[in-house]
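Descriptive analysis of the structure
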Amino acid sequence: MGQTIYERYGGFKTISRIVMTFYEMALDSDQIGGHFEDIDIPRLIDHQTKFVSSLVGGPASFSDERIEAVHRNLNISHADFDEMVELFTEALSIHGMEGPDIKTALNAIESKRSIIVTRDAA
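Below is a summary of the structure that appears in this document. Remember, predicted model here, so these are calculated numbers, not experimental data.

**Some details on the overall build of the protein**
- Scanning the protein from terminus to terminus reveals seven helices and zero strands.
- In the protein, the succession of α and β elements from N to C terminus is α-α-α-α-α-α-α.
- Here the C-alpha atoms of the protein give a radius of gyration of 14 Å, agreeing with the 14 Å that 2.2 N^0.38 yields for 122 residues.
- On the principal axes, the C-alpha backbone points of the protein span a range of 40 × 30 × 25 Å.
- Sequence separation of at least 24 residues holds for 77% of the intrachain contacts in the protein that already meet a minimum separation of 6.
- Of the side-chain charges in the protein, 11 are positive and 20 negative, and the distance between the mean point of each set is 8 Å.

**Things to note about unusual backbone geometry**
- A positive phi angle, close to 60°, is found at Asp38, a residue other than glycine.
- Mapped onto the fold, Asp38 is located in the loop between α2 (12–27) and α3 (41–55).
- Given the relative accessible area of 84%, Asp38 is considered exposed.
- The phi dihedral of Asn75 falls on the positive side, at around 55°, and the residue is not glycine.
- Asn75 sits in the partly exposed class, given a relative accessible area of 48%.

**Structural notes on the pattern of salt bridges**
- Scanning the entire structure with this criterion turns up five salt bridges.
- Here Lys112 makes a salt bridge to Asp64, at a shortest N to O gap of 2.7 Å. Separated by 48 residues along the polypeptide, Lys112 in the loop between α6 (99–110) and α7 (113–116) and Asp64 in helix α4 (residues 64–71) bring together distant segments of the chain.
- Judged by its relative accessible area of 14%, Lys112 is buried.
- Here Arg113 makes a salt bridge to Asp82, at a shortest N to O gap of 2.6 Å. Of the two residues, Arg113 is situated in helix α7 and Asp82 in helix α5 (residues 78–94); the sequence distance between them amounts to 31 residues.
- You can call Arg113 buried: its relative accessible area is 14%.
- Each of Asp82, Glu110 and Arg113 takes part in salt bridges that share partners, so that together they form one network.

Basis of the calculations
- Residues numbered from 1 in each chain as written.
- Predicted model: local features only at pLDDT ≥ 70, side-chain atom pairs only at ≥ 80, totals over all residues.
- Heavy atoms only, no water.
- Helix = DSSP H or I, 4+ residues; strand = E, 2+ residues; numbered from the N terminus.
- Rg over C-alpha atoms; globule rule 2.2 N^0.38 Å.
- Contact = heavy atoms within 4.5 Å.
- Lys, Arg positive; Asp, Glu negative; His and termini not counted.
- Charge placed at Lys NZ, Arg CZ, Asp CG, Glu CD.
- Buried < 20%, exposed > 50% of the residue type's maximum accessible area, 1.4 Å probe, protein only.
- Salt bridge = Lys/Arg side-chain N within 4 Å of Asp/Glu carboxyl O.

This is how it looks when you write it as structure tokens:
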């Protein structure tokens, strides 16, 4: 059995760095930066590192019900999600993830769009 993306790129430590880079960019984003006002960013980075790890073969797991519940009242639009994907793609690339692995990671993230985007958000 081959290595997971999580294992291939150094596990939790690398995923944590990717997530930190993503949030540095996200906080500066005109599109999504406002979603992070009054948020405990270190705590969010820890949760997101575990979430992203789970998407790329790491040990953590999150149910779709839990993911949906956490995002339900955040009014995340498709445009917000698209911006997140763009910034996350950049963070993955900055940390040396190769094209096919980036695509796999983004497909895993994209599979959660319907439970993260608010149905009536613009």
